[in-house]
Amino acid sequence: MQHYHKSEEEEEDGDDDDNENWQRVTKVIRISNINNDFFQENEIVTKLAQHLLLADTTRRQWKLHRCRTVDATTVDISISLCCCYGEGDDSPIFTILRDAFADPGRTMEMEVLVESSSYLPLMDKKYTQEDLLFDTNDKESNQKRFDDLGLLVCHTRVDEQSLDGIRNTTYRFIQRVEDYFAKNHPDIDYQNGDFLFQEIGSRSGLRYDIRVDIFGDEEWSALRQVATETGPWFNLVQDVFGAGNWKVEANVIYSKPGAQNQGWHCDGGHLQAEADENGHGHAPPYALCVFLPLIDLNSAVGFTQFFLGSHKTSQLVGFGPAAKWLAADFDGILCAGQSVLYDYRLMHRGMANHSEKIRPIIQFLYTKPFYTETKNYGTVSMYATG
């Protein structure tokens, strides 16, 4: 793309940012073969910021957001700038970056990994489960990480007795639903068809999402207690929404052997403000999910993969494959009874099931009282007759 810098005369005219020919673009650029002495100085962000400022003293169009060290001679940077639609020439920004990393003895390589008209959540490192652990003793850290990344992991397990009861109830429930479906909806291909009822929806073939009545059916009493009283994640729900200022529902999500990787998606939309290009200003969550696996997850049976930071803007829909370039992909590989807590707007996908058994997960959806889930299910009951 051709990059735009206003002259002083243009600056005085104002309002050129509204011209339909120009847009604010955020790019993630990989810079390779840098002299590692530069890294030892630990001045990457400062040096880049100085050069970008000098590149436009009249307007300061260039804005550096994040910098991530990939290895001893490679960095990724997130930068935004004002540019023209449809040009495709990145040479001006590349020239500025070469000046910033000036080293006559080296030929640096640069490439744009991702670009968007909105915020791109370039992570400062590849996050591990230990980085994302829910800390029952540090409310401030929990809320800060959840706000920025959209996800926390809870290694404290649901007690074994409750988990065994929930697991057994879930397997019986799945079998009843499948038997009923086969008998009463023989025209629908349960294995590969796309269908939505009030109580159940198919999710990309061999993957299903079934609502359960935890308040009206005593069969789910153990699940109700975990959802409303004993869940190890419960303090975060209280911290996010306020004590008692929430409601909860639960689903059984399971994939069968042979299920393939799901497409990247977010279950909940953005109801209020979204983040700016700096990743700031997004509305607080109106809903958060807890995934509770009932069996140990691994690469064979599968797991859920998450796109950290993607809860801040709807403009990342369609950018799922970019998660790995942004170091924002996180694999939710957990043991039975552990859990992952995530903002309902966070992008994610279920991974393939290469095993010979189903992968059952309980999803708890905690929401503010005003919110009613309508997006992910149908309007007709699977139990309707006539």
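Residues numbered from 1 in each chain as written. Predicted model: local features only at pLDDT ≥ 70, side-chain atom pairs only at ≥ 80, totals over all residues. Heavy atoms only, no water.

- In the nomenclature of an unreviewed UniProt entry, the protein is known as Phytanoyl-CoA dioxygenase of Fistulifera solaris.

## Describing the confidence of the model for the protein
So, step 1. Taken residue by residue, the protein gives an average pLDDT of 87. The fraction at 70 or more is 86%.
So, step 2. Here residues 1-19 is modelled with pLDDT under 50, and outside its nearest four sequence neighbours on either side it reaches 47 contacts, counting other chains as well. (pLDDT = per-residue confidence, 0-100. Contact = heavy atoms within 4.5 Å.)

## Some thoughts on the packing of helix α5 (residues 139-149) against helix α8 (residues 234-241)
So, step 1. Their axes nearest at 11 Å, the elements α5 and α8 cross at an angle of 75 degrees. Between α5 and α8, the angle falls in the class roughly perpendicular. In contact with Lys 139, Asn 142, Gln 143 and Phe 146 of α5, α8 contributes Leu 236, Asp 239 and Val 240.
So, step 2. Counted by class, the contact of α5 with α8 contains 3 nonpolar, 2 polar and 2 charged residues. (Axes fitted to C-alpha atoms, helices over the stretch in contact; angles between N-to-C directions. Helix = DSSP H or I, 4+ residues; strand = E, 2+ residues; numbered from the N terminus. Parallel < 35°, antiparallel > 145°, perpendicular 65-115°, else oblique. Nonpolar A, V, L, I, M, F, W, Y, C, P; charged D, E, K, R; others polar.)

## A word on the sheet that holds strand β10 (residues 304-307)
So, step 1. If you walk across this open sheet you meet the 3 strands as β11-β10-β13, and the pairing is antiparallel. Either end of the sheet is taken by a strand with one partner, and the two such strands are β11 (329-332) and β13 (348-350). Across the sheet, the mean angle separating the axes of adjacent strands is 20 degrees when strand polarity is ignored.
So, step 2. Bridge analysis of β10 against β13 gives 3 bridges, and the strand direction is antiparallel. The residue of β13 that forms the bridge with Thr 304 is Gly 350. (Pairing = 2+ DSSP bridges.)

## Quick look at the side chain of Glu 277
So, step 1. Looking at the element boundaries, Glu 277 is found in the loop between β8 (247-255) and β9 (287-293).
So, step 2. On the accessibility criterion, Glu 277 (17% relative accessible area) is buried.
So, step 3. Within the structure, the side chain of Glu 277 is placed 3.1 Å from the side chain of Lys 63, a separation counted as a polar contact.
So, step 4. In this structure the side chain of Glu 277 is engaged in a polar contact, spanning 3.5 Å, whose partner is the side chain of Ser 80.
So, step 5. Contacts of Glu 277, omitting those with residues within four sequence positions, involve Arg 24, Thr 26, Lys 63, His 65, Ser 80 and Tyr 119. (Buried < 20%, exposed > 50% of the residue type's maximum accessible area, 1.4 Å probe, protein only. Polar contact = N/O pair within 3.5 Å; in protein donor to acceptor, adjacent residues only side chain to side chain.)

## Quick word on the environment of Ala 384
So, step 1. Within the element layout of this structure, Ala 384 appears in the segment after β14 (359-367).
So, step 2. Separated by 187 residues in the primary sequence, Ala 384 and Phe 197 have C-alpha atoms spaced 9.9 Å apart.

## Considerations on the nonpolar core
So, step 1. The biggest cluster of nonpolar side chains holds 45 residues, and the ones touching the most others in it are Ile 200, Leu 223, Trp 233, Phe 364 and Tyr 366.
So, step 2. Elements supplying a minimum of two residues to this core: β5 (151-154), α6 (160-184), β7 (207-212), α7 (221-230), α8, β8, β9 and β14.
So, step 3. With 6 residues, the top contributor of residues to this core is α6.
So, step 4. Apart from the residues lying within four places of it in its own chain, the contact partners of Leu 223 are Ile 166, Val 212, Ile 214, Ala 250, Ile 362 and Phe 364.
So, step 5. Within the second largest apolar cluster, 36 residues are counted, among which are Phe 307, Ala 323, Ala 328 and Leu 365. (Core = buried A, V, L, I, M, F, W, Y, C linked by side-chain atoms within 4.5 Å.)

## Remarks on unusual backbone geometry
So, step 1. Non-glycine residue Ser 204 carries a positive phi angle of around 70 degrees.
So, step 2. Position of Ser 204 relative to the elements: it lies in the loop between β6 (200-202) and β7.
So, step 3. One non-glycine residue, Leu 206, lies in positive phi territory at about 60 degrees.
So, step 4. Relative to the elements of secondary structure, Leu 206 occurs in the loop between β6 and β7.

## Points about α7
So, step 1. When we look at burial in α7, the residues that qualify are Leu 223, Arg 224, Val 226, Ala 227 and Thr 228. Down the axis, α7 shows its buried residues gathered within 165 degrees of arc, on one side only.
So, step 2. Contacts from the buried residues of α7 go to α6, β7, α8, β8 and β14. (Arc of directions from axis to C-beta.)

## Brief notes about the side chain of His 270
So, step 1. Mapped onto the elements, His 270 comes out in the loop between β8 and β9.
So, step 2. Under the relative-accessibility criterion, His 270 is labelled buried at 19%.
So, step 3. For His 270, the side chain forms a polar contact with the main-chain nitrogen of Ser 314, separated by 3.5 Å.
So, step 4. With near-sequence residues (within four places) excluded, His 270 lies in contact with His 311, Lys 312, Thr 313, Ser 314 and Arg 345.

## Overview of the packing of aromatic side chains
So, step 1. This model, assessed by the stated rule, comprises 22 aromatic pairs.
So, step 2. With a centroid separation of 4.4 Å and 10 degrees between ring planes, the pair formed by Tyr 190 and Tyr 208 is classed as stacked. Note that Tyr 190 is positioned in the loop between α6 and β6 and Tyr 208 in strand β7, a separation of 18 residues in sequence.
So, step 3. Of the residues examined, Tyr 190 reaches a relative accessible area of 10% and is grouped as buried.
So, step 4. An angle of 85 degrees between the planes, with centres 5.5 Å apart, marks the rings of Phe 234 and Trp 246 as edge-to-face. Residue Phe 234 is found in helix α8, and its partner Trp 246 is found in the loop between α8 and β8; the two are separated by 12 residues along the sequence. You'll find Phe 234 and Trp 246 in the same group, each marked buried.
So, step 5. Counting every residue linked through ring pairs, the aromatic cluster contains Phe 181, Tyr 190, Phe 195, Phe 197, Tyr 208 and Tyr 254.
So, step 6. Directly above the aromatic system of Tyr 377 lies the positively charged group of Arg 203, at a separation of 5.4 Å from the ring centroid.
So, step 7. Directly above the aromatic system of Tyr 377 lies the positively charged group of Arg 211, at a separation of 4.0 Å from the ring centroid. (Phe/Tyr/Trp six-rings, centres within 6.5 Å; stacked < 30°, edge-to-face > 60°. Lys NZ or Arg CZ within 6 Å of the ring centre and 35° of its normal.)

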